[in-house]
Amino acid sequence: MLLKMTADIRYIIKTSNLYSTGIMEVLMCRHKALNALGHVFVSQMQEVVSSLSSDSAVRVVIFRSLVPNVFCAGADLKERALMDNTESDLYVHGLRSLMTQIALLPSPTIAAVDGAALGGGLELALACDLRTAAHSAQMGLIETTRGLLPGAGGSQRLPRMVGITQAKELIFTGRRVSGQEAQEMGLVNRAVEQNQSGDAAYREALHLAREILPQAPIAVRMAKEAINRGVEVDISSAMAIERICYARVIPTRDRQEGMAAFIEKRPPCYTGE
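Residues numbered from 1 in each chain as written. Predicted model: local features only at pLDDT ≥ 70, side-chain atom pairs only at ≥ 80, totals over all residues. Heavy atoms only, no water.

**Student:** Explain the overall build of the chain to me, please; I cannot follow it from the model alone.
**Tutor:** Within the chain, the secondary structure is distributed over 11 helices and 11 strands. The C-alpha atoms of the chain give 19 Å as radius of gyration, which agrees with the globular expectation for 273 residues (19 Å, within 12%). Taking the principal axes of its C-alpha atoms as reference, the chain extends roughly 60 × 45 × 35 Å. Looking at the chain residue by residue over its 273 residues, the buried ones come to 48%. Counting contacts in the chain only where the partners sit at least 6 residues apart, residues at least 24 apart contribute 64% of the total. Here the chain displays about 14000 Å² of accessible surface, and carbon together with sulfur accounts for 55% of that area. In the chain, 29 positive and 28 negative side-chain charges are present, and the distance between their average locations comes to 3 Å. (Helix = DSSP H or I, 4+ residues; strand = E, 2+ residues; numbered from the N terminus. Rg over C-alpha atoms; globule rule 2.2 N^0.38 Å. Buried < 20%, exposed > 50% of the residue type's maximum accessible area, 1.4 Å probe, protein only. Contact = heavy atoms within 4.5 Å. Areas by Shrake-Rupley, 256 points an atom, 1.4 Å probe, with all protein chains shown as cover. Lys, Arg positive; Asp, Glu negative; His and termini not counted. Charge placed at Lys NZ, Arg CZ, Asp CG, Glu CD.)

In structure tokens form, the structure reads like this:
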């Protein structure tokens, strides 16, 4: 187990007894500010995400909070109030860049939403590939209630996830939805009843990550790239992207192992090579 820390963020690699590679957990712990996305916090997160992007030992990344009842409260409005127009624009650009960094991580990412994920907090969750939530969690892009609009990717990622009309309603009204409602509209993959320790979404995220772990890591990464790039272009171009990604899997040892395991009727043992 590898543990690293900054002031407000910790990250840890957990290794499974069944598999030789691991799950990375990014734990947000800016308690007093409810994980609000201030300058220092964003800078720390960018550093963490940058280190993850080049770590081939990481199979799955889980983003979660150590602050009770909160995933991320969004932008740090106390800091925003002190900024002029230029500084505000640069700040939001930094948030947008962070969310793009998270979206571009090669490994699958899961946001475990056990509490409130509002504004930039929901945009962080939207930047992940998958989301789990407690039924009691509250999620919303509430920027219009503050005279703003989602500026860290939310106005683009939410429509792609739940559809244009649903996204417009949520953004225009600034409405908050529960974890259960979020699952019904396709905003989260899995929603579960909260437990006494307040980490039900995290436990579900860990369960989901462990379902991903046995699969060939290069194949999973290439599948992520094919999907993410393919949905942004026409079907013909998307098929070309799929072909490129598929070609990168063919020469791997993992593909050979997968074929051998199938023929020998045994579980495959993938090494990420």
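**Student:** Sorry, what's going on with the environment of Ala200 here?
**Tutor:** Considering the arrangement of structural elements, one finds Ala200 in helix α8 (residues 200-212). Aside from chain neighbours lying at most four places away, what touches Ala200 is Asp114, Val192, Glu193, Gln194 and Asn195.

**Student:** How should the pattern of salt bridges be read in this particular structure?
**Tutor:** On inspection of all chains with the given rule, the structure shows 14 salt bridges. In this structure, Glu25 and Arg64 form a salt bridge, with 3.5 Å as the shortest nitrogen-oxygen distance. Of this pair, Glu25 sits in strand β3 (residues 22-28) while Arg64 is found in strand β4 (residues 58-65), placing the two residues 39 residues apart along the sequence. Arg64 shares its class with Glu25; the two are buried. Taken together, the shared-partner salt bridges in this structure form one network comprising Glu169, Arg175 and Glu181. (Salt bridge = Lys/Arg side-chain N within 4 Å of Asp/Glu carboxyl O.)

**Student:** How should I be thinking about the pairing of β3 in this particular structure?
**Tutor:** Successive residues of a regular strand alternate their side chains across the two faces of the sheet. Counted residue by residue, β3 has seven buried out of seven residues, so it is predominantly covered. Covered by surrounding structure in β3 are Gly22, Met24, Val26 and Met28 together with Ile23, Glu25 and Leu27, the residues of both alternating faces. Of the strand pairs in this sheet, β3 and β4 are connected by seven bridges, and their pairing is parallel. From the neighbouring strand, Val26 faces β4, where its bridge partner is Phe63. (Pairing = 2+ DSSP bridges.)

**Student:** Is there a simple way to think about the environment of Ser88 in this case?
**Tutor:** Turning to its location among the elements, Ser88 is positioned in helix α3 (residues 85-103). Judged by its relative accessible area of 16%, Ser88 is buried. Apart from residues no more than four positions distant in its own chain, Ser88 is found in contact with Arg80 and Met83.

**Student:** Explain the environment of Val61 here, please?
**Tutor:** Assignment of secondary structure puts Val61 in strand β4. Judged by its relative accessible area of 2%, Val61 falls in the buried class. A C-alpha to C-alpha distance of 9.8 Å links Val61 and Val49, two positions 12 residues apart in sequence. Every residue in contact with Val61, bar those within four places of it in the chain, is listed here: Met24, Val26, Leu52, Pro108, Thr109 and Ile110.

**Student:** Looking at this structure, I do not really get helix α10 (residues 235-249). What am I missing?
**Tutor:** Think of an α-helix as turning once every 3.6 residues; residues three or four places apart then point the same way. Its 15 residues place the ends of α10 21 Å apart at the C-alpha level, agreeing with the 21 Å of an ideal helix rising 1.5 Å per residue. For α10, the complete set of buried residues consists of Ala238, Ile241, Cys245 and Val249. Buried residues of α10, seen end-on, are gathered within an arc of 90 degrees and therefore sit on one face of the element. Within α10, the exposed residues directed more than 90 degrees away from the buried face are Ser236, Arg243 and Tyr246. Buried residues along α10 sit against α9 (217-230) and α11 (253-264). The residue sitting at the N-terminus of α10 and contributing the capping side-chain oxygen is Asp234; that oxygen lies 3.1 Å from the backbone nitrogen of Ser236. (Expected span 1.5 Å × (residues − 1). Arc of directions from axis to C-beta. Polar contact = N/O pair within 3.5 Å; in protein donor to acceptor, adjacent residues only side chain to side chain.)

In short, shape yes, function no, at least from these values alone.
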